[in-house]
Amino acid sequence: MNARNRAMGSFRRGGQDSGGRALVICCIVSLVLFTMGIREGDSGLLHGVRSGATVVTTPVRVVGGALASPFVGLGNVFTNLTASQESLSDLKSQNEELQAKVTELSEAEQTATRLEGLLQLQNTYSLQSTAARIVSGSTDSWSTTVTIDKGSASGLAVGMPVSDSGGVIGQISACGPTSATVRLLADENSSVSAMLQASRAQGMLRGSADGTLKLDMIQTDLTVNVGDTVVTSGLGGVFPKGLPLGKVTSVNKPTGAIYYEIVVQPFTTAQSYEEVLVITSLTDDQKATSDDMSAADSQDSSTTASTTSAATSATTTSK
Amino acid sequence: MQVSDQNKESRTIGILALVCALLQLGIVPLFGIGDGRANLALVFAGLMAFMFGGRRGVLLAFLAGVFFDLTTTGPIGIMAFELPVMAFLLGSESRNRLIEDRTESLKEFALGSLAVGLVYGIVMLFLGQAGSLVDVVLLRVIPTFALTFVAFAAFAYFLSGGSSGGRARGPRRAGMRSGGRIRTKGL
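Everything in this summary refers to the structure shown in the same document. As the structure is a prediction and not an experimental result, all values here were calculated from the model. (Residues numbered from 1 in each chain as written. Chains lettered and ligands numbered in written order. Predicted model: local features only at pLDDT ≥ 70, side-chain atom pairs only at ≥ 80, totals over all residues.)

Of regular secondary structure, chain A possesses 6 helices and 14 strands. Here the contacts in chain A between residues at least 6 apart in sequence split such that 58% fall between residues at least 24 apart. (Helix = DSSP H or I, 4+ residues; strand = E, 2+ residues; numbered from the N terminus. Contact = placed C-beta atoms within 7 Å.)

Structure representation (structure tokens):
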């Protein structure tokens, strides 16, 4: 009896349930959820629940995005204020109205320019795509994502590439019926098959925790210059070949390394809430050709050969 | 003697949950330090632990964790595991600590939220969602902690009536013990 009382006492302090049992149950349930989530992969019950949660919470995200939109135009207001500081003292009230109109019109102009850019991109690359709008940024610290206002009901699916007028911004990583989460290029877990436009050297463009993009797998015997444009290579069949990704901002050749350390500045950051294109399918001419694949293979095999050769020479030297 | 007003408590919990959820989804994405974003599920769990503690605090923290896991892109279940543990540890002493000893509550929440962030980061590292521990700590955990702590301090200040903080003394404390509750006016 005493033992039972002691056991109860561990759960109750001062006449109030301290939550020990609840804690144990919650921990077990959460571990089950975690295991189920890991085991079921990209589809399953929990991901269905997550999609449902996304649908329910999308309106709130949209409202948040709408709240952000005035801040996007705020830069224009400040620019106007500083540009006409003297005349503002005489024509203050009139100027306020004009500034409001200028802000509104410049927003409309920028929107028109972006849409025009998207159309141009769509036409240039003959993209089969669906237009969408970014409604929210990432709600946590562990991913660099944005939420767009279209989902599986509009024909979107996980894995589809997303671009804006400047080029590729990322790839859909989760898709609900009315919204989708896009993993941006800068995300630490993001990687895209890429190539240097000038030299056609192929590599992988990866995101990192500090937000920079790094182009890996480019051999040090190839020529890479600061300012070179990086485009999608089309290998893997996910991204259309030739879409712009960014520009090389630094090239480092570590002593004895096989690959360069290349940092790439993306053409677009998707920080503001703008329109995007989701590329829904690829035509044959947008996929990597067999020549591209064999070029990538030969690049790999030459790397292996140079590694073997380096290892052999190192062994010979040590002897 | 503390008089428990179940309806008032439920209303407070509901309103706080709604406010935190709306802020997490609508406003948090707009403000960040680097990649760091405030975690209002953590704030809610902390508030529930200090205000109510016990079984209710643990269960509400668990629900907050599930909400966080479902509305973010990380694995489901990690925050749902961590928040009840934190709520259990923070809320095991007594109720109403947010009013009675706000400074101490802030210190304990700071430690708790930092520990939650670190554990979450380490789990993400093991799951291959993050590259290095240094990046995890410098670029994710510390900015998240800073923003989350500021958010918690703001909530604590508001809920405790905007007083200067510290351990309540004299008539004010006596008032709390004779039925004074968390401020809900205006909620």
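To continue, consider the interface of chain B and chain A. Every contact between the two is made by 43 residues of chain B and, on the other side, 45 residues of chain A. When residues of the side of chain B that touches chain A are traced back to their parent elements, those giving at least two are helix H1 (6–27), helix H3 (54–71), helix H4 (78–90) and helix H7 (133–159) of chain B. Broken down by element, the residue count for the side of chain B that touches chain A peaks at 9 residues, all from H3(B). Each residue belonging to the side of chain B that touches chain A can be placed in one class, and the counts come to 22 nonpolar, 16 polar and 5 charged. (Nonpolar A, V, L, I, M, F, W, Y, C, P; charged D, E, K, R; others polar.)

Moving on, we get to unusual backbone geometry. Residue and element names in this part refer to chain A. Residue Arg-200 is not a glycine yet carries a positive backbone phi of 65°. One can find Arg-200 in the loop between strand S8 (191–196) and strand S9 (202–206). Its identity as a non-glycine residue notwithstanding, Met-217 has a phi of 70°, on the positive side. For Met-217, the position within the fold is in the loop between strand S10 (213–216) and strand S11 (229–232).

Below, the discussion takes up H7(B). Three- or four-residue spacings in an α-helix give side chains the same orientation, since the helix completes a turn every 3.6 residues. The principal kink in H7(B), of about 30°, is found at Val141(B), preceding the proline Pro143(B) by one to four residues. Looking one or two places after H7(B), you find Gly161(B), whose phi comes out positive at around 90°. (Bend = angle between axes of the 7 residues up to and from the residue.)

Residue and element names in this part refer to chain B. One way to put it is that H1 packs onto helix H2 (residues 40–51) with a least axis distance of 9 Å and a crossing angle of 160°. Compared by their axis directions, H1 and H2 come out roughly antiparallel. The two elements H1 and H2 cross, and the hand of that crossing is right-handed. In this structure, H1 uses Leu-16, Ala-17, Cys-20, Leu-23 and Gln-24 to contact H2, whose residues at the interface are Leu-40, Ala-41, Val-43, Phe-44 and Leu-47. Classifying every residue of the contact of H1 with H2 gives 9 nonpolar, 1 polar and no charged. (Axes fitted to C-alpha atoms, helices over the stretch in contact; angles between N-to-C directions. Parallel < 35°, antiparallel > 145°, perpendicular 65-115°, else oblique. Left-handed = near helix turned anticlockwise from the far one by under 90°.)

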